[in-house]
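Coordinate inspection notes
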Amino acid sequence: MTDHRSRFLRLALRVEALRFGQFTLKSGRQSPYFFNAGRFDSGVAMAELASCYADAIDAHFAEVDLPAFDMLFGPAYKGIPLATALACEYARRGRDLPLAFNRKEAKAHGEGGSLIGAPLAGRRVLIVDDVITAGTAIREALAIIAGAGGTAAGIVIALDRQEAVDPATSRRSAAETVALEHALPVVAVASLHDLLALAGADAALAAQRAQLIAYRDAYGSVIGD
């Protein structure tokens, strides 16, 4: 497992953004684990998280000759602090990237509109979010970027649950569906596969592995070790 994946998962466990138990998801499924990016709720945690994001992005785009993206976009709401923290991390590394995000509801007074931040027109925009569940928020972000004259260059998320939207008809995950529909790379800092690898290597997490495997076999987009 690459360093940024392990660092991210251990950070998520430490701040309890990643928890084990029995959780009812929005889909109605009973999951043995739950991820909540809202628990990255301190400056130190957000800085560490942004470093993991940046390492995952740089590793994915390492072989691209030209910059794959030149702007960051954070979909409301959790994408806003994530994209902001990532912009700060890239500035720390010597790359100053423009940043924008959207409001859920357009503002009729002041500067008005639904967008805040740098102009999107002419930019290659990387969308920054926590997860892709049904893909609705990402599709809205793609429409906003295109409507403002920008071009989506990819999507980065914290955790890919690698979970099929409807296992009865397809084992394709929401992230895979979005990537195929829009011909865009979807970069995950870590995935269920990485969580299983960590649980297999860490005695403190070994008790969780059987339930994770059972859940993956029932709903996962990938089956088998």
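These notes cover the structure that comes with them. (Residues numbered from 1 in each chain as written. Predicted model: local features only at pLDDT ≥ 70, side-chain atom pairs only at ≥ 80, totals over all residues. Heavy atoms only, no water.)

The next point concerns the packing of aromatic side chains. In this structure the tally under the stated criterion is 8 aromatic pairs. A centroid spacing of 5.0 Å and a plane angle of 55° characterise the contact between tyrosine 215 and tyrosine 219, whose relative ring orientation is tilted. Taken as a pair, tyrosine 215 and tyrosine 219 lie in helix H7 (residues 209–219) at a separation of 4 residues, close to a single helical turn. Taken together, the ring pairs connect Phe8, Phe35 and Phe40 into an aromatic cluster. Over the face of the ring belonging to tyrosine 90 we find arginine 95, whose NZ or CZ atom lies 5.8 Å from the ring centre. (Phe/Tyr/Trp six-rings, centres within 6.5 Å; stacked < 30°, edge-to-face > 60°. Helix = DSSP H or I, 4+ residues; strand = E, 2+ residues; numbered from the N terminus. Lys NZ or Arg CZ within 6 Å of the ring centre and 35° of its normal.)

In this section: the side chain of aspartate 202. Structurally, aspartate 202 can be placed in the loop between helix H6 (192–201) and H7. For aspartate 202, a relative accessible area of 17% corresponds to the buried category. Among the polar contacts made by the side chain of aspartate 202, one reaches the main-chain amide nitrogen of alanine 204 at a distance of 2.9 Å. (Buried < 20%, exposed > 50% of the residue type's maximum accessible area, 1.4 Å probe, protein only. Polar contact = N/O pair within 3.5 Å; in protein donor to acceptor, adjacent residues only side chain to side chain.)

Let's shift gears to the nonpolar core. Among the nonpolar cores identified, the biggest contains 51 residues, and Phe8, Phe35, Phe40, Tyr53, Phe69 and Leu72 are the most heavily contacted of them. With 19 residues, the next largest nonpolar core counts Met71, Ala152, Ile157 and Leu184 among its residues. (Core = buried A, V, L, I, M, F, W, Y, C linked by side-chain atoms within 4.5 Å.)

Let us now look at the layout of surface pockets. Put simply, the largest pocket is a space of about 930 Å³. For the largest pocket, the lining is made up of 35 residues, of which Lys26, Val131, Ile132, Thr133 and Ala134 are closest to its centre. Contributions of two or more residues to the lining of the largest pocket are made by strand E2 (30–35), helix H4 (136–147), strand E7 (151–160) and helix H5 (174–182). Forming the boundary of the second largest pocket are Arg5, Asp160, Gln162, Ser173, Ala175, Glu176, Ala179, Val186, Ala188, Ser191, Asp194 and Ser221. Every element with two or more residues in the lining of the second largest pocket is listed here: H5 and strand E8 (186–191). Of the residues contributing to the lining of the second largest pocket, the split by class is 4 nonpolar, 4 polar and 4 charged. (1 Å grid on protein atoms, 1.4 Å probe; cavity = no way out; pocket = protein on both sides within 12 Å on 5 of 7 lines; lining within 4 Å. Points joined across faces, edges and corners; volume = space filled by probe spheres on them. Nonpolar A, V, L, I, M, F, W, Y, C, P; charged D, E, K, R; others polar.)

The subject of this paragraph is the environment of serine 173. Position of serine 173 among the secondary structure elements: in the loop between E7 and H5. Placed 20 residues apart in sequence, serine 173 and alanine 153 show a C-alpha to C-alpha distance of 20 Å. Excluding residues that lie within four positions of it along the chain, serine 173 makes contacts with Gln162, Glu163, Ala164, Val165 and Ser221. (Contact = heavy atoms within 4.5 Å.)

Let us look at the side chain of aspartate 70. Tracing the sequence through the fold places aspartate 70 in the loop between helix H2 (43–60) and strand E3 (71–74). In terms of polar contacts, aspartate 70 uses its side chain to reach the backbone amide nitrogen of arginine 124, at 2.8 Å. In this structure aspartate 70 touches Arg95, Leu97, Pro98, Arg123 and Arg124, once residues within four positions along its chain are discounted.

Take the packing of H2 against helix H3 (residues 79–92) next. Two numbers describe how H2 lies on H3: the axes approach to 8 Å, and their chain directions differ by 75°. By the angle between their directions, the pair H2 and H3 is classed as roughly perpendicular. Note on element contacts: H3 touches H2 through Pro81, Leu82, Ala85, Leu86, Glu89 and Tyr90, opposite Met46, Ala47, Leu49, Ala50, Ser51, Tyr53, Ala54, Ile57 and Asp58. Split into classes, the residues belonging to the contact of H2 with H3 amount to 12 nonpolar, 1 polar and 2 charged. (Axes fitted to C-alpha atoms, helices over the stretch in contact; angles between N-to-C directions. Parallel < 35°, antiparallel > 145°, perpendicular 65-115°, else oblique.)

What follows deals with the pairing of E3. Within a regular strand, the side chains alternate between the two sheet faces. Residues Met71 and Phe73 of E3 are buried on one face, and the alternating residues Leu72 and Gly74, pointing to the opposite face, are buried as well. In this sheet, strand E6 (residues 124–128) lies alongside E3 in parallel orientation, the contact comprising 3 bridges. Considered in E6, the bridge of phenylalanine 73 is made with isoleucine 127. (Pairing = 2+ DSSP bridges.)

Here a disulfide denotes one covalent bond, and it connects the sulfur atoms of two cysteines. The full count for this structure, using the stated rule, is 0 disulfides. The thiol of cysteine 52 is not disulfide-bonded; the next cysteine sulfur, from cysteine 88, is found 16 Å away. The exposure class of cysteine 52 is buried, given its relative accessible area of 2%. Cysteine 88 gets classed as exposed once you look at its relative accessible area, which sits at 52%. (Disulfide = S-S within 2.5 Å.)

Turning next to the environment of isoleucine 145. Structurally, isoleucine 145 can be placed in helix H4. A relative accessible area of 1% means that isoleucine 145 is categorised as buried. As a C-alpha pair, isoleucine 145 and proline 119 span 26 residues in sequence and 9.8 Å in three-dimensional space. The residues contacting isoleucine 145, other than those within four sequence positions of it, are Phe73, Leu120, Val125, Ile127, Gly150, Thr151 and Ala152.

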